Amino acid sequence: MSAITLSLKDGDAVSVAAGTTVQDALSQLLSNKQRKRCVAAYAGETVVDLLTPLTEDTVLTPIQVGTDEGLEVLRHSTAHVMAHAVRDLFGDDVKVAIGPAIADGFYYDFLRDEPFTPEDFEKIETRMAEIVAQNLPFERLEMSSDEAVAAFGDQGEKYKVELIEDLDVDQVSLYSIGGFRDLCRGPHVPNTSFIKAFKLLRVAGAYWRGDEKNDVLQRIYGTAFFDAKALKKYLNALEEAKKRDHRKLGKELELFTMEDQIGPGLILWQPKGAQLRRLIEDYWKDEHYRHGYELLYTPHIARQDLWKTSGHLDFYSENMYSSMDIDDVQYQLKPMNCPFHIGVYKSSKRSYREFPIRWAELGTVYRYERAGALHGLLRVRGFTQDDAHIFCRPDQLEEEIFHILDLNLRILKTFGFDSYDIYLSTRPEKSVGTDENWEAATTALKLALEKKNLDYMIDPGEGVFYGPKIDIKIKDQLHRSWQCSTIQVDFNLPERFKMSFVGSDNTEHQPIMIHRALMGSLERFIGVLIEHYAGAFPLWFAPVQARILNITDDQAAYGEAVYEQLRLAGIRVEKDLRNEKLNYKIREAQVKKIPYMLIVGDKEKEAATVAVRLRTGKNLPPMSVADFIELVKKEVTAGRGYSNFLSD
Ligand SMILES: [Zn+2]
Ligand SMILES: [Zn+2]
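Right, let's walk through the structure included here. (Residues numbered from 1 in each chain as written. Chains lettered and ligands numbered in written order. Predicted model: local features only at pLDDT ≥ 70, side-chain atom pairs only at ≥ 80, totals over all residues. Heavy atoms only, no water.)

To continue, consider the packing of aromatic side chains. Evaluated as defined, the whole model comprises 25 aromatic pairs. Here a set of aromatic residues connected by ring pairs shows up, and it is made of Tyr283, Phe415, Phe417, Phe525, Tyr533, Phe537, Trp540 and Phe541. In this structure, arginine 112 packs its charged tip against the face of phenylalanine 90, placed 4.2 Å from the ring centre. The aromatic ring of tyrosine 221 is capped on one face by arginine 202, whose charged end is 4.0 Å from the ring centroid. (Phe/Tyr/Trp six-rings, centres within 6.5 Å; stacked < 30°, edge-to-face > 60°. Lys NZ or Arg CZ within 6 Å of the ring centre and 35° of its normal.)

What follows deals with the coordination of the zinc ion (ligand 2). Taken together, the protein ligands of the zinc ion (ligand 2) are Cys338 (SG), His389 (NE2) and His515 (ND1), with distances of 2.0 to 2.3 Å. We note that the donor set of the zinc ion (ligand 2) lies within a single chain, spaced as C-x50-H-x125-H. Residue histidine 389 is located in strand β21 (residues 382-392), and its partner histidine 515 is located in strand β28 (residues 512-521); the two are separated by 126 residues in the primary sequence. (Donors = N, O, S within 2.8 Å, 3.2 Å for Na, K, Ca; no water. Helix = DSSP H or I, 4+ residues; strand = E, 2+ residues; numbered from the N terminus.)

This part takes up the sheet that holds strand β17 (residues 301-303). A sheet is described by the order of its strands in space; here three strands give the open sequence β17-β19-β18, paired in antiparallel fashion. At either margin of the open sheet sits one strand with a lone partner, and together these are β17 and β18 (324-326). Taking each pair of neighbouring strands and ignoring which way they run, the sheet shows an average axis angle of 40°. (Pairing = 2+ DSSP bridges. Axes fitted to C-alpha atoms, helices over the stretch in contact; angles between N-to-C directions.)

For the rest of this paragraph, the subject is the pattern of salt bridges. Evaluation of the coordinates by the stated rule reveals 45 salt bridges. A salt bridge links lysine 123 to aspartate 120, with the nearest nitrogen and oxygen atoms 3.9 Å apart. With lysine 123 and aspartate 120 both in helix α4 (residues 118-133) and three residues apart, this pair spans about one turn of that helix. According to the relative accessible area criterion, aspartate 120 is buried, its value standing at 6%. One salt bridge in this structure joins arginine 578 and glutamate 588, with 2.8 Å as the shortest N-O distance. Residue arginine 578 is located in the loop between β30 (573-576) and α18 (582-591), and its partner glutamate 588 is located in helix α18; the two are separated by 10 residues in the primary sequence. Given the relative accessible area of 37%, arginine 578 is considered partly exposed. Judged by its relative accessible area of 27%, glutamate 588 falls in the partly exposed class. Each of Arg87, Asp92 and Glu157 takes part in a single network of salt bridges with overlapping partners. (Salt bridge = Lys/Arg side-chain N within 4 Å of Asp/Glu carboxyl O. Buried < 20%, exposed > 50% of the residue type's maximum accessible area, 1.4 Å probe, protein only.)

Limitation: the analysis is restricted to geometry and does not speak to function.
Below is the structure:
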């Protein structure tokens, strides 16, 4: 047999007989310890199993335990084992579909009349453990498509047959673990001994190939890790995320609700939630005025013609609601605020001297979302964007982007987010605007990011058709990413609306328009805030800052007096002066995550003080009411960045 050269990227190479497996080659190229950490490898650009024989000179890049790619291989391999177990347990009552690895684990789709139950999950996991314990290799078989169709057809595996027929190739690859054969390209871990830590998580409905006209399958989700410790850590994080679910906390803290009679995806803010939102809005407005913005208010509907001019009826109509007839003219609910701000712009002749114009609005928009896609506050049909449009000269673009980034990060930081992923999206294939404009705008975005010392990634071709953009994803306490902020340059609307300004040369020019939202929408941002803080909001935007609890009826009048004093000082205070056990009242305040509990007993009444208990369970020494007011004001000012107390 002829000799081939197998090498690693960094240059180490061995000469071996053609037909040597990746595994055997890696044994010669890596230390034993390193070799054992390999689960698959890249042969050139292709991912292959360790048992793949090599027939030509190849550069190998090992995929190892502890890497994201390694995890993907492991998880996908675990999906096969799950399908094997399900087939073992339920026989011909199930048909198997597909089982890929996904972001945090894997799934496999099955057709089965009976729903999978938690008891089934236990059985499947037990069977999976038995399969894994046999230390079975993942064997690759190549066969002709006809042969494979016949084999799967005999077993009634109609989805596999359909997949092979759609592939339209002569030869397909199958993998077998202990006799269970599945259609797959691979790669997989060499044998089941790698599958040490896995867990089935939930089951959900899914259409075959995502098409509503097809069979409804049951999708079992699971996850797998290379060791039990990592799995446990992940499961704990899942538990923690469940506890923080904003829909659950929203109910417990009485922040928001949705009613069938009103309609799905339409949020009703309850008093506590409205207070929370008001505090965020006030802060947002203050910051905008401090940063040279002016605020606008615009209506919720406009003539349909406006949306023709803006182009939304052409390229955004699937997100818009049907039109309504007003005095024989068609009107439309707004999906965006931009054309209204342009209306304000066009209300007078603009000069370069006015630039930059920075207009912000908490603008409520309505967009169609499929019922199945709606999710608490995160995906809704009516929401309020923290929108702004900046109009400027081309030479002001970089400075304006810098200014937006500055305000953006300041606001996010004040809300407790200081870890981000930033993306710069460049020109897509289909786009409007000249090469020159795109080039200049993209460079301006880059320079602003660099001047602000921000790390960013480039998303090539992912810009909007009308201009490049910056997206900022924030990371919460569980390290989950949330897309919130977006800054977009627009060459399209100024053109469509024939916007202009008089330049220093006394002639008409077209302004640059920037769209930006920092929080995204109040609904979404508050949803993220609830999960980030697990409902225990910092004092400065906690809807209730303090609650007064008396020990017995004897201090009810004193409690009432303290309540009035705090209320008049601008503190968001509640009173619980019911004739109930103190511990019971503390527990209730604790559930509501109220930052300060002010306990008044005889001692406090006599000394005109309050005993202060924090929601963490910690106690502060008793203090006068005036001192408590001072404490709150200081903490609020520190949290918000500056005072909002009129008396200060
Ligand atoms: Zn596979
Ligand atoms: Zn806009």
